[in-house]
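# Structural overview
Residue-level listing of the chains:
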Amino acid sequence: HSDWSGSRSSKQAPQVPMLQRARQAIGERVNLVHRLDRGASGCLLMTKAASEATVGATAFLQQAMADTSSTKTYIALVRGEGILKGVDFRKEGWFTVDRPIKDEAGNLNNATTHFRFIAGQDNGMGTIDRPRASLVLARPDTGRWHQIRRHLNGLSHPILGDTTHGDNRVNRQWREELGMLPERTCLHLAKLEIPPNPVCP
């Protein structure tokens, strides 16, 4: 997560904001170009705040990320084997969910996410001692609040560890029986692609 790293448990080492860790690593202040949801992991894009060579770099990169040609590819671990109402998502390749989402103020906004279920396993209707789970790639076209998490929940395949839009019973089972950390959401920004710009030609 862009603002946090470590465990919230008092038994663990104190939490250290990621910006602070970056500043300590390079000895300079940095600006964050984009954020990740709390508990998520993956690529972070930062700029040096003080260097004359990077004046305006944050704005340039934010504009590049807002460009329609930019792409964020996430990987998620979700509950469910990849089948819903007879449709096997694993055989669909990339498919699109285009469903409006309410923002924090309650306003409805268009939201589009492309998904690809790359692997999934069932539990033999309870006869096999393993969890129902799938690995999913996600590429959002829009950047709505909790968009990927909410779209996957709408497909009845919520992200594991998601305490807001997920399945609390399943999350508890994964924490207690499979060792999932309580502060983690199984959503990882694996790849970030932006168009050429003055900072990254």
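See above for the structure.
In short, a report on the structure.

What counts as what
- Residues numbered from 1 in each chain as written.
- Predicted model: local features only at pLDDT ≥ 70, side-chain atom pairs only at ≥ 80, totals over all residues.
- Heavy atoms only, no water.
- Salt bridge = Lys/Arg side-chain N within 4 Å of Asp/Glu carboxyl O.
- Helix = DSSP H or I, 4+ residues; strand = E, 2+ residues; numbered from the N terminus.
- Buried < 20%, exposed > 50% of the residue type's maximum accessible area, 1.4 Å probe, protein only.
- Pairing = 2+ DSSP bridges.
- Contact = heavy atoms within 4.5 Å.
- Axes fitted to C-alpha atoms, helices over the stretch in contact; angles between N-to-C directions.

What the rule picks out here adds up to 8 salt bridges. A salt bridge links Arg-132 to Glu-81, with the shortest nitrogen-to-oxygen separation between them at 2.7 Å. Here Glu-81 lies in the loop between strand 4 (71-79) and strand 5 (83-84) and Arg-132 lies in the loop between strand 10 (112-121) and strand 11 (133-140), a separation of 51 residues in the sequence. Overall, Arg-132 belongs to the partly exposed group, its relative accessible area being 33%. Among the ionic pairs, Arg-90 bridges to Asp-88, the shortest N-O distance being 2.9 Å. For Asp-88, a relative accessible area of 15% puts it in the buried group. Beyond isolated ion pairs, a larger network of salt bridges with shared partners links Asp-37, Arg-149 and Asp-162.

Moving on: the sheet that holds strand 2 (residues 41-42). In spatial order, the strands read 2-12-4-11-10-7; together these 6 strands make up an open sheet with mixed pairing. Strands with a single pairing partner mark the edges of an open sheet, and in this sheet they are strand 2 and strand 7 (95-98). Two strands pair when backbone bridges link them, and strand 4 and strand 12 (residues 187-193) are joined in this way by 6 bridges, in the antiparallel orientation. Residue pairing for strand 12: Ala-76 is matched across the bridge by Leu-187. Contacting strand 4, strand 7, strand 10, strand 11 and strand 12, helix 3 (residues 147-154) runs over the sheet at an angle of about 60° to strand 10.

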